[in-house]
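# Chain and residue survey
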Amino acid sequence: MHKDRYAVTGYPVSHSQSPMIHGHFASQTGEAVDYQKLPLHPDEFESGVKQFFSHGGKGLNVTVPHKESAWQMAAIHAPAAERAGAVNTLYLNQEGELVGDNTDGVGMVRDIEHNHGGNLKGANLLVLGAGGAVRGVLPVLIAAQPASIVIANRTLARAEALAELFADLFPITVLSYQQLDSAFSRAPEWIINGTAAGLSGEMPELPDTLVDQHTACYDMVYAPGGTVFQRWAESLGANKSLDGTGMLVEQAAESFRIWRGKMPDTKPVIAELQKALFQSSAK
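This report concerns the structure included in the present document. Here the residue index of a chain counts from 1 through its sequence in written order. Reporting of local features is limited, given that this is a predicted model, to residues whose pLDDT is at least 70; pairs of side-chain atoms are given and counted only at 80 or more, and all residues count toward the totals for whole chains, interfaces and linings. Derived side-chain values reflect all non-hydrogen atoms in the structure, with water molecules and hydrogen atoms excluded from consideration.

## Structural notes on the pairing of strand 11 (residues 216-219)
- Only protein chains enter the area calculation, which uses a 1.4 Å probe; residues under 20% of their type maximum are buried, those over 50% are exposed, and those in between are partly exposed. Going along the chain from the N terminus, every DSSP run of H or I of four or more residues is numbered as a helix, and every run of E of two or more is numbered as a strand. Burial of strand 11 is two-sided: the residues A216 and Y218 facing one way and the residues C217 and D219 facing the other way are all buried.
- Being paired, for any two strands, means DSSP has found at least two bridges between them. Pairing of strand 10 (residues 190-193) with strand 11, which is carried by 4 bridges, proceeds in the parallel orientation. Note that in strand 11 the partner of W190 across the bridge is A216.
- In this structure, strand 11 lies alongside strand 12 (residues 240-242), joined through 3 bridges in parallel fashion. Bridge pairing in strand 12 places A216 opposite K240.
- At this point the chain moves from strand 11, through helix 8 (residues 228-235), to the parallel strand 12, and the crossover so formed is right-handed. For crossovers, right-handed means that the path from the first strand over the helix to the second runs clockwise, given strands pointing away from the viewer.

## What to know about the pairing of strand 10
- Because side chains alternate across strand 10, one face comprises the buried residues W190 and I192, and the other comprises I191 and N193, equally buried.
- Bridge analysis of strand 7 (residues 124-128) against strand 10 gives 4 bridges, and the strand direction is parallel. Across the sheet, L125 pairs through a bridge with W190, a residue of strand 10.

## Some details on helix 5 (residues 104-115)
- Given the number of residues in a helix, its expected span is that number minus one, multiplied by 1.5 Å. Between its first and last C-alpha atoms helix 5 spans 15 Å; for 12 residues at 1.5 Å apiece the expected length is 16 Å, and the two agree.
- Those residues of helix 5 that sit buried are D104, G105, G107, M108, V109, R110, D111 and I112.
- A contact between two residues is defined here by any heavy atoms of the two lying within 4.5 Å. Residues of helix 5 that are buried in the fold lie against helix 3 (67-73), helix 6 (132-143), strand 10, strand 11 and helix 9 (245-260).
- At the C-terminal side of helix 5, G117 shows a positive phi close to 65 degrees.

## Quick word on the packing of helix 5 against helix 6
- Each axis is a line fitted through C-alpha atoms, taken for helices only over the stretch in contact, and angles between the N-to-C directions span 0 to 180 degrees. For the pair helix 5 and helix 6, the least separation of the axes is 7 Å and the interaxial angle reads 55 degrees. What the angle tells us is that helix 5 and helix 6 run oblique. Taken as a pair, helix 5 and helix 6 cross one another with a handedness that is right-handed. Contact residues: D104, G105, V106, M108 and V109 in helix 5; G136, V137, V140 and L141 in helix 6. If an angle is under 35 degrees, it is roughly parallel; if it is over 145, roughly antiparallel; if it lies from 65 to 115, roughly perpendicular; otherwise it is oblique. What makes a crossing left-handed is the near helix being turned counterclockwise from the far one by less than a right angle; a clockwise turn instead makes it right-handed.

## Details of helix 8
- Regarding helix 8, the residues found buried are F229, Q230, W232 and A233. Down the axis of helix 8, the sector holding all buried residues measures 160 degrees, keeping them to one side.
- Its buried side turned inward, helix 8 meets strand 7, strand 10, strand 11 and strand 12.
- G237 sits one or two residues past helix 8 and shows a positive phi near 75 degrees. Here the arc refers to the directions that run from the helix axis out to each C-beta atom.

Set out below in structure tokens:
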């Protein structure tokens, strides 16, 4: 039986769980999909993407460090990708033009609201970091209609530039980490960690007053045994302390829906991913 070719590309990409996730989606929905890993060095990204599609490839997921390059390559940007400046989903439209979409924000908000019963509408949000990961999810975070968004970042100028980019959509407040001590009269309802430091087991120095029993904390990355940000939140009695496993599966499901027109059931796949991560942390 012929299977349509899909892949995840990054550098490195050996750690990616995407083939496992999309394999489950294909089995669930009965779709004929062959999903592989496609490691591409930054120097060969553009030629590698062109070759993949010219040889019949149907769609690519794009991960670090290629999301900005994918945005530049795309001839057409879907609304979620337009301002994000980053693309994690590529495909050809009926005219053969390369379309770039970004499903990260949809994946995170869907995980928070559908899988964990969270409510972002009317909530006060504190977002840590001002890099590509945060920029990628901001359009969908804003669309969720929070009461306020504060971005805290080590480099204030970078956060200010990000806030300016979305100023016509939402009034974002910008702070340095040092200013967080006195910034809130009460703890925010949600703290979202979008810093890259979490991948290396580090996190910004944050005041303990940011978290109380009404605060939910969400880390956009995940790690076997939990992230350092999760452990910090738990130690302060946070209402929720969540990692990005659900976001990873939900953003993949949205890519699958864009490509195949079918929405898979994410819950069993999230459970499978969490089980795999638990087993690797126990080794």
